[in-house]
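A structural walkthrough
One-letter residues, chain by chain:
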Amino acid sequence: MDKILLERLRNKYIQNPPEGMTANDIKHMSDSDLLDMDYFLNEDEDDEFGEEGFYIF
């Protein structure tokens, strides 16, 4: 993974930590944990089927 992208991602979450976390938690998080957290926080954004699920037209 590109170190610059990881640094940007870490800075994003340090400035605005997810609920239940602090900026200090983010600073000390491993790169792998940071990527996992970002994935789970954003996994629904690319859902092309919507909230109701699968659609047949």
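Every value quoted in this text rests on a predicted model; they were computed, and no experiment measured them.

Conventions and cut-offs
- Residues numbered from 1 in each chain as written.
- Predicted model: local features only at pLDDT ≥ 70, side-chain atom pairs only at ≥ 80, totals over all residues.
- Heavy atoms only, no water.
- Axes fitted to C-alpha atoms, helices over the stretch in contact; angles between N-to-C directions.
- Helix = DSSP H or I, 4+ residues; strand = E, 2+ residues; numbered from the N terminus.
- Left-handed = near helix turned anticlockwise from the far one by under 90°.
- Contact = heavy atoms within 4.5 Å.
- Nonpolar A, V, L, I, M, F, W, Y, C, P; charged D, E, K, R; others polar.
- Core = buried A, V, L, I, M, F, W, Y, C linked by side-chain atoms within 4.5 Å.
- Buried < 20%, exposed > 50% of the residue type's maximum accessible area, 1.4 Å probe, protein only.
- pLDDT = per-residue confidence, 0-100.
- Salt bridge = Lys/Arg side-chain N within 4 Å of Asp/Glu carboxyl O.

Some thoughts on the packing of helix 1 (residues 3–15) against helix 3 (residues 31–42)
When two helices pack together, their arrangement is given by the angle between the helix axes and the distance between those axes. Two numbers describe how helix 1 lies on helix 3: the axes approach to 11 Å, and their chain directions differ by 65°. For helix 1 against helix 3, the interelement crossing comes out left-handed. Together, Lys-3, Leu-6, Leu-9, Arg-10, Lys-12 and Tyr-13 of helix 1 and Asp-31, Leu-34, Leu-35, Met-37, Asp-38, Leu-41 and Asn-42 of helix 3 make up the contact between the two elements. Its residues assigned to classes, the contact of helix 1 with helix 3 shows 7 nonpolar, 1 polar and 5 charged.

A few points about the nonpolar core
Ranked by size, the top nonpolar core spans 7 residues in total: Leu-6, Leu-9, Tyr-13, Ile-26, Met-29, Leu-34 and Met-37. Of all the secondary-structure elements, those providing two or more residues to this core are helix 1 and helix 3. Examining the composition of this core, we find that 3 residues originate from one element, helix 1, more than from any other.

Here's the deal with the confidence of the model for the protein chain
For the protein chain, per-residue confidence averages 84 on the pLDDT scale, and residues scoring 70 or more make up 75% of the total. Least confident of the elements in the protein chain is helix 3, whose mean pLDDT is 94; most confident is helix 2 (residues 23–27), at 96.

Some points on the pattern of salt bridges
Using the criterion set out here, one finds 2 salt bridges in the structure. The shortest N-O distance in the salt bridge between Lys-3 and Asp-31 comes to 3.1 Å. One end of the pair, Lys-3, is in helix 1; the other, Asp-31, is in helix 3, and 28 residues separate them in sequence. Exposure remark for Lys-3: the relative accessible area of 56% places this residue in the exposed category. Residue Asp-31 is classed as partly exposed on the basis of its relative accessible area of 29%. Notably, a salt bridge pairs Arg-10 with Asp-31, separated by 2.7 Å at the nearest N-O pair. Separated by 21 residues along the polypeptide, Arg-10 in helix 1 and Asp-31 in helix 3 bring together distant segments of the chain. Shared partners join several salt bridges into a network, and the residues in it are Lys-3, Arg-10 and Asp-31.

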